[in-house]
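Commentary on secondary and tertiary structure
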Amino acid sequence: SSSSSSSSSRSSGGGGGVAARVAKDDNEKAEACACFSSPAGIGSSTGAGDGGAVGEGEGITTSTVGEVEERCAELDGGPDVALLGAEGCDDRGQHTVPTGATCRICLAEGMEDDELLSPCVCRGSAKYVHLSCIEAAFMARGMLLDLTCPTCKHHYEGPAAVHIGKLALQELEKNRGEDHALVAVGLHNLGIAHGLMGDAESERDLLERALAIQEREHGPDHCDVATTLANLGNAYDRLGDLTRQRELLERALRINESEYGADHHAVATTLVNLGSVHGRLGDHVKQRDILERAHRIMEREFGPSSHKVTASLVNLSLAYGALGDVHRQRDLLERALRINEQEYGPDHRAVANTLLNLGNVYGCLGDAEKKRDLLLRALRIKQREYGPEHREVTKALVSLGNAYGDLGMLEEQREFLERALRIQRRHFGPDHRELLSSLTGLSTLYDRLKDIGRKRDLLEQSLRIMERSFGPQHYNVGIILAALAEAHGELGDFAQKKDLLERSLAIIELKFGPDHHNVAVYLAEIAQTCHKLGDSERRDQLLERARRIEEARAATTLTSVSGRGCSGDARAGDLGEEECSEDANGVGAPNSVPKRRPLRGPKSLATLFFCPFRRATYAIAVAAGAASFVTRPCRRRCGRRLQVQAAGSAAAGNRAGADPHE
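My aim in this report is to walk through the structure given alongside it, one point at a time.

A few points about the overall build of the protein chain
Scanning the protein chain from N- to C-terminus turns up 21 helices and 8 strands. Relative to its 662 residues, the protein chain shows a buried fraction of 59%. Summing over all exposed atoms, the protein chain offers an accessible surface of approximately 24800 Å²; the carbon and sulfur share of this is 48%.

Next comes the structure, spelled out in structure tokens:
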């Protein structure tokens, strides 16, 4: 995700922005310091399983202030500002400079109190520079709102951007006062620089100050206010407050529609971000509809083959993937990849992010080798661009680790996932939602290695992060609760399993309603757990409720089939050969529908349930309060055996004296 995650894009946010307007009045040159957001969150974004789709990070973040129109040619889906283009990193993950490298300004080597940095996309002999030399050149130019490198024309990033952003803000406040409109631009630029360094709290605080000045100077409905609202929303996103982000983006959308009209590309930019937020909040239908509108605007404005449409293509693909149309998702990503390769070449960082998404889609389609090959290519690009220990590399590491897991190479999977988790903890801290991709992938690995205690610990950490990031009633919290319940059951703690399943059930009922077949699935699983605990009365109550739900569903299904005609092979209750599946985040979804082949067996009302733990499938049948289990291997050879519950005496074996509930 989602990420999110991913190819960043550049936008003027509309027609020029605050810096261009204010600078013209004050006879100063002002350019934008672009803000690029690459979160990875649940749903498109959690990053669970395969690391989440990178694409939620493909969302467009409007630039801070007005950027010259020619520079805006790098809009939507184009390359983001380079981070440290490191040759390597030390054992703490810090950038290392090769021996003999010199500063492009003073030509001296790095010193202990003034190390060389690579703060932009300059390469070759111009790659490295002292921070003190950047400061001197910046102050000599006198363009306090221009945080770009005068050589490559790309924005500075990292410590250099924060340092000169602070200098600029100090000068602006000293010369013009703390509430001047140009001070708002300086606050904005510094806030974006902090955000790209991972300091979302400073980013939020600075942007809030900028917003207050802009609203006072320009009014609450000015287009420059909309730009700040969008970037402030990204700060709240990084802080885990998706609801606040949605509110800010909805306000920005209203302003942009009023200012530019409903079909302007500035509106499309806001729509892409807003659609992605709806997806991460679990409303994938609305996500798709919003992104379809954004994509139509972008294609009409720039043409279907423009690199400016790739961000909307990628985000739209995520919506279709979340809705289960993986083939449509693949087609959209293949198109985005062709456009980016033609625009930037096959080894550009913008291509790497599309490769990540596309690789994960091929994994969902069962082509693990194709997934691995695409992800290896993406990893090589990211390591070259950012260095082997940069946070941007973790997305590729997580997805590639899970690709090796799909191929049965568990040691390689562990190596990549542990490396990703180490980088994420160092950069984000121990409780940031960016860790979810590695944590859930490792929990899958340790399940396959039969280390259930380690699996439980990882899932408990994931649950804490999810609840804090998305709220205790979020659908993905329910998924992790059920996975954790499974782990406790495997460890023999059935009381804890029951408690966790009941918490998960409450979330499922909230999402689907009390009479949905997914609810029947949970009821049957809780009933089995009650039987293990010796609570037969509660077991029978749960099974009776599940039976009523299933009977109502079967009656509805039969009515529908009779209206269309039925071949006879599709008999209600036939148990098919299940195939493991997973949602866009690598975590199985209870509302997923597996591929099924007719399998002659006992007729029963069978509800297919994808265990919220990756790639474990249960077919649960409820009939007259009696059930039993048979198992068979997964057709996709994921290492799990699929449990099938069939009704009563029809179950395989039906051994004398066997308890049909076991």
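Read on, since the account is not over.
Focus on the packing of helix 10 (residues 310–322) against helix 11 (residues 326–344)
How two helices pack is summed up by the angle between their axes together with the distance between the axes. Here helix 10 crosses helix 11 at 165 degrees, and the two axes come no closer than 8 Å. By the angle between their axes, helix 10 is roughly antiparallel relative to helix 11. In terms of crossing hand, the pair formed by helix 10 and helix 11 is left-handed. Only Arg328, Gln329, Leu332, Leu333, Arg335, Ala336, Ile339 and Asn340 of helix 11 make contact with helix 10, whose side of the interface consists of Thr310, Leu313, Val314, Leu316, Ser317, Leu318, Tyr320 and Gly321. When grouped by side-chain class, the residues that make up the contact of helix 10 with helix 11 number 9 nonpolar, 5 polar and 2 charged.

Examining the state of the cysteines
Summed over the entire model, instances satisfying the criterion amount to 0 disulfides. Take Cys133: it sits in no disulfide, and the sulfur closest to it among the cysteines is that of Cys103, at 3.8 Å.

Structural notes on helix 20 (residues 517–532)
The terminal C-alpha atoms of helix 20, which comprises 16 residues, lie 23 Å apart, in line with the 22 Å expected from a rise of 1.5 Å per residue. Helix 20 sits mainly inside the fold: 14 of its 16 residues count as buried. One or two steps after helix 20, the chain reaches Gly534, where phi turns positive at roughly 85 degrees.

What about the side chain of Lys498?
Position of Lys498 relative to the elements: it lies in helix 19 (residues 494–512). If near-sequence neighbours (up to four positions away) are discounted, Lys498 is found in contact with Ile526, Thr529, Cys530 and Leu533.

Let's talk about the packing of helix 4 (residues 181–196) against helix 5 (residues 200–218)
One can describe the packing of helix 4 onto helix 5 by two numbers: an axis separation of 8 Å at closest approach and a directional angle of 160 degrees. Judged by the angle between their axes, helix 4 and helix 5 are roughly antiparallel. For the crossing formed where helix 4 meets helix 5, the hand is left-handed. Contacts between helix 4 and helix 5 involve Ala181, Val183, Ala184, Leu187, His188, Leu190, Gly191, Ile192, His194 and Gly195 on the former and, on the latter, Ser202, Glu203, Leu206, Leu207, Arg209, Ala210, Ile213, Gln214 and Glu217. Looking at the contact of helix 4 with helix 5 residue by residue, the classes come out as 10 nonpolar, 6 polar and 3 charged.

Quick notes on the rules
- Residues numbered from 1 in each chain as written.
- Predicted model: local features only at pLDDT ≥ 70, side-chain atom pairs only at ≥ 80, totals over all residues.
- Heavy atoms only, no water.
- Helix = DSSP H or I, 4+ residues; strand = E, 2+ residues; numbered from the N terminus.
- Buried < 20%, exposed > 50% of the residue type's maximum accessible area, 1.4 Å probe, protein only.
- Areas by Shrake-Rupley, 256 points an atom, 1.4 Å probe, with all protein chains shown as cover.
- Axes fitted to C-alpha atoms, helices over the stretch in contact; angles between N-to-C directions.
- Parallel < 35°, antiparallel > 145°, perpendicular 65-115°, else oblique.
- Left-handed = near helix turned anticlockwise from the far one by under 90°.
- Contact = heavy atoms within 4.5 Å.
- Nonpolar A, V, L, I, M, F, W, Y, C, P; charged D, E, K, R; others polar.
- Disulfide = S-S within 2.5 Å.
- Expected span 1.5 Å × (residues − 1).

Geometry only, nothing functional implied.
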